[in-house]
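Read off the chains here:
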Amino acid sequence: MHCQKIVISLFEYFTMQTQGSIGVFDSGYGGLTVLKEIVKNLPQYNYVYLGDNARAPYGNRSFDTVHQYTKECVDWFFNQGCHLVILACNTASAKALRTIQQKHLPTIPQIKRVLGVIRPTAEIIGNFSTSKHVGVLGTTGTIQSNSYKIEINKFFPDIQVHQQACPMWVPLIENNEYNSRGADYFVKEYINQLDQQNPNIDTILLACTHYPLLLNKIKEYTPVGTNIITQGEIVANSLIDYLQRHPEIETLCSKGNERAFYTTDSIEDFNQHASVFYGENVQSKLARF
Ligand code: DGL
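The following paragraphs examine the structure supplied in this document. (Residues numbered from 1 in each chain as written. Predicted model: local features only at pLDDT ≥ 70, side-chain atom pairs only at ≥ 80, totals over all residues. Heavy atoms only, no water.)

1. Some points on the overall build of the chain
Here is the rule: The helix and strand labels rest on DSSP assignments: H or I over at least four residues marks a helix, E over at least two residues marks a strand, and numbering proceeds from the N terminus. Restricting the calculation to C-alpha atoms gives the radius of gyration, and the globule rule supplies 2.2 Å times the number of residues raised to the power 0.38. Partly exposed describes any residue whose relative accessible area lies between the buried limit of under 20% and the exposed limit of over 50%, with all areas from a 1.4 Å probe on protein chains only and scaled to the type maximum. Every residue pair with non-hydrogen atoms within 4.5 Å of one another is taken to be in contact. Each accessible area value is a Shrake-Rupley result obtained with a 1.4 Å probe; residue values ignore everything except the protein chains displayed when judging cover.
A count of helices and strands for the chain gives 14 helices and ten strands. In summary, the chain has a C-alpha radius of gyration of 19 Å against a globular reference of 19 Å for 289 residues, a match within 12%. With the C-alpha coordinates aligned to their principal axes, the bounding extent of the chain is approximately 65 × 45 × 35 Å. Each of the 289 residues in the chain was classed as buried or not, and the buried ones make up 55%. In the chain, once contacts between residues fewer than 6 apart in sequence are set aside, the share between residues at least 24 apart is 77%. Here the chain displays about 13500 Å² of accessible surface, and carbon together with sulfur accounts for 50% of that area.

2. Describing the pairing of strand β9 (residues 259-263)
Formally: DSSP-based pairing: two strands are paired if at least 2 bridges between them are found. Viewed with both strands pointing away, a crossover whose connecting path from the first strand over the helix to the second turns clockwise is right-handed.
In the sheet, strand β2 (residues 47-51) pairs with β9 via five bridges, with the strands oriented parallel. The residue bridging Gly-51 from the neighbouring strand is Thr-263, located in β9. Sheet analysis places β9 next to strand β10 (residues 284-286), joined by three bridges and oriented parallel. Bridging from a neighbouring strand, Tyr-262 pairs with Lys-285 of β10. Handedness of the β9-helix α14 (residues 267-278)-β10 crossover: right-handed.

3. Considering the environment of Thr-70
Here is the rule we go by: The term polar contact refers here to a pair of N or O atoms within 3.5 Å; inside protein, the definition further demands a hydrogen-donor-capable atom paired with an acceptor-capable atom, and it admits residues adjacent in sequence only when both atoms are side-chain atoms.
Relative to the helices and strands, Thr-70 resides in helix α3 (residues 63-79). Placed 102 residues apart in sequence, Thr-70 and Leu-172 show a C-alpha to C-alpha distance of 22 Å. Once residues lying within four places of it in the same chain are set aside, the contact partners of Thr-70 are Phe-25, Tyr-58, Leu-87, Ala-92, Ala-96 and Ile-100. Looking at Thr-70, its side chain comes within polar contact range of the main-chain oxygen of Val-66, at 2.6 Å.

4. Describing the site of the ligand
Filter applied, for reference: Throughout, near means a residue has at least one heavy atom within 4 Å of the molecule or strand. Here the nonpolar group is Ala, Val, Leu, Ile, Met, Phe, Trp, Tyr, Cys and Pro; Asp, Glu, Lys and Arg are the charged ones; every other residue, Gly included, is treated as polar.
For the ligand, the set of nearby residues contains 13 residues, the closest of which are Ser-27, Tyr-58, Gly-59, Thr-91 and His-210. With respect to the ligand, the side chain of Thr-209 contributes an N or O atom lying 2.8 Å from a nitrogen atom. Burial of the ligand by the protein chains amounts to 99% of its free accessible area of 300 Å². Among the residues forming the shell around the ligand, the class breakdown is five nonpolar, seven polar and one charged.

5. A look at the pattern of salt bridges
Which entries qualify depends on this criterion: Salt bridges are defined by distance alone: a side-chain nitrogen of Lys or Arg within 4 Å of a carboxyl oxygen of Asp or Glu.
As enumerated under the stated definition, the model contains ten salt bridges in all. When the shortest N-O distance is used, the salt bridge between Lys-154 and Glu-151 registers 2.8 Å. Residue Lys-154 and its partner Glu-151 are both found in helix α8 (residues 147-155); the two are separated by three residues, about one turn of the helix. By relative accessible area, Lys-154 is classed as exposed at 51%.

Here you go:
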């Protein structure tokens, strides 16, 4: 009888909460490459995107700074009514996700969930490699955190993970220089450095959501036949699976096919650049904290 009462009041508690959009976060534009794939696969939900352009890039910042910035943005999503937030940023996933999940969420009385992009990628990346040598390209923060090596080896202990930081790539992309000769120089430079670590690498993970914009150049400088893996589809599939396994969260996600875009910096700049990442025109609003 007592148990039944608890179940009923939990049900009342869940149903009392107002539904909210799914939040998708990145330090800048990169997460739009992930949102694009999520929307393609799950168009029925409403989404709110936030790019913290005013403080991007996060890639070279300390753990404490990335955690502080990411937490502020996550709280902003919660204030918008979101119950589920995806950190579509590897740097934030590597440096802030665990602390937010373990220390911040338990202090919030409502049901809130924050997911990252590293685990879903690590779960399947080993399936692409026959040589058992996987290269990971990411920001300095993501690579120094060692998160990919640790997570990939949990699922694929026989895979050797070779990591290469590419600190110049995000600034080139954020400054609209991804098609320039300067971009060629730095793409070749970091791909060569990865290749020198081990010539048997047959799979390269682009572990930064900005990097798909350099995909054509990256292909030019990698050996023919190398698998180059981007994360958009992986994260989208993982979200489908998550929502199926967590009906208590799925019911809190509003449906209506709506998207809203926010930036912490100039909305004119955001509108101009975002379409390249998202593949459609974007009208953004200013996010106020
Ligand atoms: N798109 C972010 C990532 O996936 C990166 C960037 C940054 O702000 O340096 O890591």
